[in-house]
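Take a look at the letters that make up each chain.
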Amino acid sequence: LEGLGDRIVPFGKHLYIERNDFFDLSGPEGEKNGGKVPKGFKRLLLGDKVRLKFAYVIQCDEVVRDPETQEPVELKCTLFPETRSGVTPEGMKKVKGIIHWVEAKTAVRCRVNQYDRLFKTEEPGRESGDFIQDINPDSLEVLKGVMVEPSVAMDALAVLAEKRNSEDETKVYASSLSYQFERSGYFALDESSAGFDSLVFNRVVTLRDTWTIPAKSSQAAAQRNRGGNKKVKGSVGEPVEELQRVALRAATILEAGPHPQADSLLVCKLDCGDIDEEGAPEEPRTVVAGLAGKIAVDDLIGRKIVAVTNLKPAKMRGIESQAMLLAASDGNEENEKVELLDVPDSVPNGELIAFEGKEASQPDVMMKSKGALKVWDRVKSGFKSNGNKEAVYEQEGNTFRMTTSAGPVTTLSLSEAKIN
């Protein structure tokens, strides 16, 4: 866990949240939308609840408005202390929406340069004949007064100090400090940053790319989701291989503890990188796994692992399990050794696991029919670890390594072991 790092996240009575995480149903915003909540909106509303990420559930009780514009300037809320860290108390309806936040008194102001593409088209000048006409006027948006956690400022000061003291051979650059800012993208410290009161961050990569592969037709999606056939048709008429239909994703175990009704089971909370239609992060998934006595709880928390995220949820001794953890086993029935598959720490949660030599996955939304579950049974029978302790998929005498944007998926010590 030391390699993952840690930070102190202050929490207090006064918090900052994103303006678009609150929809003002009874104000000008609501009037423009006909008094209706936008479709798919799962964040904060007056009189409704939302979860503060990694913290508590709150309920908005009152909106304080600007007397001239009637725009909200403050929200007065109730906090439910028994809901800390993803807990839903008995009798309370599960809160779906999750928003991020910063404690107001300790937050640090900085400037953010939101760089976007230099050109508006993928091939500048192709249609206009003059690439200058295709320059994107909004390729840079400067945001002032952006609030960040104090740990960001402390990290920045440490890097700037190291930069000042570094020599040519071991030159340290400000941009070596980088973060993913929630729902915004990946950012690096700018060279112009001079100290606590003048921090600047540059957006390096956005979270979503608008120039992507064309969306698959709804007809093709319907065919893939039916299950029952070994191969179904994709959007361009090509068959979708069974392996491609399974959603194997990188995920981080946030919590783990014993199942209240089964000694052999553990209940975990997983960040699988799930987001809603608005791009807001969803609640961590609950996963029930038969790992009690096989892997210490302390060795689970903070681990970046592989989860199967599109299997039909199943209740295990009264608790619904919403994903499955992939693990390697030595097969010893008397004293079985089990190891979760390890994913490089830099891989973002939610990234689809790839297979070298295979096309990119096109997962079913949910594998729940009998035919689809048979597909999963056939696919998982091909998973194992090789002699280099790398997770692989074997098919008709060929071997395909599981890999990510930061390298292969591995086991800690088990080689030539079954994975399921």
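Worth saying up front: this structure is predicted, and the values here are computed from it rather than measured.

Reading the values: rules and limits
- Residues numbered from 1 in each chain as written.
- Predicted model: local features only at pLDDT ≥ 70, side-chain atom pairs only at ≥ 80, totals over all residues.
- Heavy atoms only, no water.
- pLDDT = per-residue confidence, 0-100.
- Contact = heavy atoms within 4.5 Å.
- Helix = DSSP H or I, 4+ residues; strand = E, 2+ residues; numbered from the N terminus.
- Buried < 20%, exposed > 50% of the residue type's maximum accessible area, 1.4 Å probe, protein only.
- Polar contact = N/O pair within 3.5 Å; in protein donor to acceptor, adjacent residues only side chain to side chain.
- Core = buried A, V, L, I, M, F, W, Y, C linked by side-chain atoms within 4.5 Å.
- 1 Å grid on protein atoms, 1.4 Å probe; cavity = no way out; pocket = protein on both sides within 12 Å on 5 of 7 lines; lining within 4 Å.
- Points joined across faces, edges and corners; volume = space filled by probe spheres on them.
- Pairing = 2+ DSSP bridges.
- Axes fitted to C-alpha atoms, helices over the stretch in contact; angles between N-to-C directions.

Draft legend 1. Highlighting the confidence of the model for the chain. Residue-level pLDDT values for the chain average 88, and 91% of them are 70 or greater. Note on residues 209-237: pLDDT is under 50 here. Beyond four places in sequence and across chains, it has 47 contacts.

Draft legend 2. Representation of unusual backbone geometry in the model. The phi angle at R183 is positive, at roughly 60 degrees, despite the residue not being glycine. By secondary structure assignment, the location of R183 is in the loop between β9 (178-181) and β10 (185-189). Here R183 falls in the partly exposed class, since its relative accessible area comes to 22%. Non-glycine residue R317 carries a positive phi angle of around 55 degrees. Along the chain, R317 turns up in the loop between β18 (314-316) and β19 (319-321).

Draft legend 3. Highlighting the side chain of R51. Checked against the element boundaries, R51 lands in strand β2 (residues 49-52). Engagement of the side chain of R51 in a polar contact is seen with the backbone oxygen of A55, the distance being 3.4 Å. In contact with R51, other than residues within four places in its own chain, are Y56, V57, T83, S85, G86, V87, T88, V95, G97, I98, I99 and E283.

Draft legend 4. How the structure looks around the nonpolar core. Core analysis: the biggest nonpolar cluster contains 28 residues, and L248, L326, F383 and M402 have the highest contact counts within it. Elements represented by at least two residues in this core include exactly β14 (248-259), β17 (304-308), α4 (370-380), β25 (391-395) and β26 (398-404). With four residues, α4 is the single largest residue contributor to this core. Dropping the residues within four chain positions of it, L326 is found in contact with L248, V306, V308, L340, L341, W376, F383, M402, I419 and N420. Within the second largest apolar cluster, 19 residues are counted, among which are I253, A256, V287 and A307.

Draft legend 5. Representation of empty space enclosed by the protein in the model. A complete count under the given rule lists one cavity of 30 Å³ or more for this structure. Put simply, the largest cavity is a space of about 30 Å³. Along the walls of the largest cavity sit V9, P10, W101, V102, E103, T106, E149 and P150, which together make up its complete lining. In terms of residue count, the dominant contributor to the lining of the largest cavity is strand β6 (residues 101-103) (three residues).

Draft legend 6. Molecular detail of the sheet that holds β9. If you walk across this open sheet you meet the five strands as β8-β7-β11-β10-β9, and the pairing is mixed. Only two strands of the sheet have a single partner each, and these edge strands are β8 (140-148) and β9. Each strand axis lies, on average, 35 degrees off the axis of its neighbour in the sheet, ignoring direction. In the packing of helix α2 (residues 150-165) onto the sheet, contacts are made with β7 (108-115), β8, β9, β10 and β11 (200-205), and the angle to β9 comes to roughly 160 degrees.

Draft legend 7. Quick look at the pairing of strand β16 (residues 285-289). With five of its five residues buried, β16 lies for the most part within the structure. Alternating positions in β16 separate into two faces, R285, V287 and A289 on one and T286 and V288 on the other, with burial throughout. Relative to β16, strand β15 (residues 262-271) runs antiparallel, the two being bridged by five bridges. Across the sheet, residue L266 finds its bridge partner in β16, namely A289.

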